[in-house]
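Secondary and tertiary structure notes
What follows is the residue order along each chain.
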Amino acid sequence: AAEFAGERASLHSVSTERSGGAFVATVRVGGVPLRCTVDSGAACYLSVGQQAASKLTSCQATDRTMHQVGANGEHICSRVVVSRVDFGGVGGDVPVLINDRPLDGEDGYLGVCFLRHFDLCCTTGALYARRNGAAWDATLLDGIFGRTPCVGSAPPRCQS
């Protein structure tokens, strides 16, 4: 308790809410607040469901896509955009995956490529974060992004 009290001054409370055992935090994507599950098991920076994509306007469209198979065997195609994502009072320009299907529950999920930029502290009632020294690298996942189109999904409405 004494050690945590000393560290607490440098940490930001980012969530006290849980869903299915995982913390849910509000992140700002291009200035728009989205509720996202904090998912250290996901490799992406940020993935948002089809229902949340219509909220995004401040992003840069790319011609890149990512095809994934979900935990329940569903096939997901995501278009890649770049946008500023803020969490715990700081952020950077990172790839955001716009899924071709809605997500259950929250707007999206934060993956380990984003979370690696923060020192995280979990207690039974709260998630705390502080920015660490890891450099923002929007090209980190470039090797796995492709250009195969997502069939039947509309491109994101990003500002140019």
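Right, let's get into the packing of aromatic side chains. Overall, the coordinates contain 5 aromatic pairs when judged by the stated rule. Ring centres 6.0 Å apart and planes at 80° place the aromatic pair Phe87 and Phe114 in the edge-to-face group. Separated by 27 residues along the polypeptide, Phe87 in strand 7 (residues 75-87) and Phe114 in helix 3 (residues 112-115) bring together distant segments of the chain. You'll find Phe87 and Phe114 in the same group, each marked buried. Geometrically, the ring pair formed by Phe114 and Trp136 is tilted, given 5.4 Å between the ring centres and 40° between the ring planes. Here Phe114, found in helix 3, pairs with Trp136, found in the segment after strand 11 (127-131); they are 22 residues apart in sequence, far enough to count as distant.

What follows covers the state of the cysteines. For the structure shown, the criterion picks out 1 disulfide. The thiol sulfur of Cys121 is not disulfide-bonded, and the nearest other cysteine sulfur, from Cys122, lies at 6.8 Å.

Parameters and conventions
- Residues numbered from 1 in each chain as written.
- Predicted model: local features only at pLDDT ≥ 70, side-chain atom pairs only at ≥ 80, totals over all residues.
- Heavy atoms only, no water.
- Phe/Tyr/Trp six-rings, centres within 6.5 Å; stacked < 30°, edge-to-face > 60°.
- Helix = DSSP H or I, 4+ residues; strand = E, 2+ residues; numbered from the N terminus.
- Buried < 20%, exposed > 50% of the residue type's maximum accessible area, 1.4 Å probe, protein only.
- Disulfide = S-S within 2.5 Å.

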